[in-house]
Amino acid sequence: MASSTAGNGTGSVLPTHTAAPSAPAWPSTSKPKEDDRRRCACVCLLITLAVLAALAITLVVLFLTVLKVRDPTTRLVSTRLAGVAPRLIFPAMSLQLNVTLLLTVSVHNPNPASFTYDAGGHTDLTYRGAHVGDAEIDPGRIPSRGDGEVKLALTVQADRLADDLAQLVADVESGSVAMEASTRIPGRVSILGGLIKRHAVAYSDCSFVFGVPDMKVRSQQCHDRTKL
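Reading guide: rules and limits
- Residues numbered from 1 in each chain as written.
- Predicted model: local features only at pLDDT ≥ 70, side-chain atom pairs only at ≥ 80, totals over all residues.
- Heavy atoms only, no water.
- UniProt positions renumbered as here; feature names shortened; annotations may be inferred.
- Salt bridge = Lys/Arg side-chain N within 4 Å of Asp/Glu carboxyl O.
- Helix = DSSP H or I, 4+ residues; strand = E, 2+ residues; numbered from the N terminus.
- Buried < 20%, exposed > 50% of the residue type's maximum accessible area, 1.4 Å probe, protein only.
- Contact = heavy atoms within 4.5 Å.
- Core = buried A, V, L, I, M, F, W, Y, C linked by side-chain atoms within 4.5 Å.
- Phe/Tyr/Trp six-rings, centres within 6.5 Å; stacked < 30°, edge-to-face > 60°.
- Polar contact = N/O pair within 3.5 Å; in protein donor to acceptor, adjacent residues only side chain to side chain.
- pLDDT = per-residue confidence, 0-100.
- Disulfide = S-S within 2.5 Å.

The name that an unreviewed UniProt entry assigns to the chain is Late embryogenesis abundant protein LEA-2 subgroup domain-containing protein, with the source organism given as Urochloa decumbens. The annotation that UniProt attaches to the chain under Subcellular location (unreviewed entry) is "Membrane".

This is the structure in structure tokens:
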């Protein structure tokens, strides 16, 4: 019986080699991971920019509304003669006369922030350009969008009026005396319930006309401003 096995002429059977199956080609994961990281970074950057933009808009709105300081307004409510203190100076034998006036000034605060002032407020009084008196202002507080009163004892040094004595006599005889008062009050502005505090200085330059002898204010004009 003839063999059906194929030979190579020598009667030996050639081995049969079967190629090993190749490993399945899995898709690479490095590129998707890199894309995810880039997408995450872009999202974080956009969120950060949005937060910064919102913060900037909020600050601008605050500075234009809440943090914008409006100038207060002042008005001299009353004046009262508190006393006259003569003083004799030796050895020149000169007589000095100091007059004390009690002034009440009404202050309106239009800001949504209270204004607190400690010691250090000061008022200078001038008569026709000559410094004739001054006063210290006691500590106090003016509420937000409210009114407050500032009381001060103003000492007028009558001897400093000697240079304009003739004019002063003429003013007294006419029944009115015009003077100027310059006031400076340093303090603190409390915003958002005291969350934000800023230093501020309130200034007021006023011209008054006092009646004689009643010492009542007949007319006044004030220019007020605030500096942060």
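Enquirer: Residues and numbers for the pattern of salt bridges, please.
Expert: On inspection of all chains with the given rule, the structure shows four salt bridges. Between Arg-128 and Asp-171 there is a salt bridge, with its nearest N and O atoms 3.4 Å apart. Taken as a pair, Arg-128 in the loop between β4 (121-127) and β5 (130-137) and Asp-171 in helix α2 (residues 165-174) lie far apart in primary sequence, 43 residues in all. Arg-128 sits in the partly exposed class, given a relative accessible area of 49%. On the basis of relative accessibility, which here comes to 10%, the residue Asp-171 falls in the buried class. Two residues, Glu-149 and Lys-151, come together in a salt bridge whose shortest N-O distance is 3.6 Å.

Enquirer: So what's going on with the environment of Ala-202? Residues and values would help.
Expert: Position of Ala-202 relative to the elements: it lies in strand β9 (residues 196-211). Here the alpha-carbon distance between Ala-202 and Pro-72, two residues 130 residues apart in the chain, equals 7.9 Å. In this view, Ala-202 contacts Phe-115, Thr-183, Arg-184, Ile-185 and Arg-225; residues no more than four positions away in its chain are not counted.

Enquirer: How would you summarise the nonpolar core if you had to cite specific residues and measurements?
Expert: Formed by 33 residues in total, the largest nonpolar core has its most connected members in Leu-101, Phe-115, Tyr-117, Leu-125, Tyr-127 and Val-150. Listing elements by their share of this core, those giving two or more residues are β2 (94-109), β3 (113-117), β4, β5, β7 (146-157), β8 (176-191) and β9. The leading source of residues in this core is β8, at six residues. Those residues in contact with Leu-101 that lie beyond four places of it in its chain are Arg-80, Leu-81, Ala-82, Leu-152, Ala-153, Leu-154, Val-156 and Met-215.

Enquirer: Kindly report on the packing of aromatic side chains, identifying the contributing residues and their values.
Expert: Within a pair of aromatic rings, the relevant descriptors are the distance that separates the centres and the angle that separates the planes. In this structure the tally under the stated criterion is two aromatic pairs. Pairing Phe-208 with Phe-210 gives two aromatic rings, centres 6.0 Å apart and planes at 40°, and the pair type is tilted. For the pair formed by Phe-208 and Phe-210, the shared burial category is buried.

Enquirer: Give me the environment of Arg-218: which residues, what numbers.
Expert: Here Arg-218 shows up in strand β10 (residues 217-227). Take Arg-218: its relative accessible area is 51%, and that puts it in the exposed class. Along the sequence, Arg-218 and Val-177 sit 41 residues apart, while their C-alpha atoms lie 9.7 Å from each other. Leave out the neighbours within four places in its chain, and Arg-218 touches Gly-175, Ser-176, Val-209, Gly-211 and Val-212. Reaching out from Arg-218, the side chain makes a polar contact with the backbone oxygen of Gly-175 at a distance of 3.3 Å.

Enquirer: A description of the confidence of the model for the chain should follow, citing residues and the corresponding values.
Expert: Of all residues in the chain, 73% have pLDDT values of 70 or greater, and the mean over the chain is 75. Taken together, the stretch residues 1-8 has pLDDT below 50 and engages in three contacts with residues farther than four places along the chain or on a different chain.

Enquirer: Describe the state of the cysteines, naming the residues involved and giving the relevant values.
Expert: If you walk through the whole model with that rule in mind, you get one disulfide. Between the sulfur of Cys-206 and that of Cys-222 lies a disulfide, 2.1 Å long from S to S. Looking down the S-S bond of the Cys-206 and Cys-222 bridge, the torsion is 120°, so its handedness is right-handed. Of this pair, Cys-206 sits in strand β9 while Cys-222 sits in strand β10, and the two are 16 residues apart along the sequence. A relative accessible area of 8% places Cys-206 in the buried class. Looking at the unpaired Cys-42, the closest cysteine sulfur is the one in Cys-44, lying at 9.4 Å. Of all cysteine sulfurs in the structure, the one in Cys-40 sits closest to Cys-44, which takes part in no disulfide; the separation is 5.3 Å. Take Cys-44: its relative accessible area is 47%, and that puts it in the partly exposed class.

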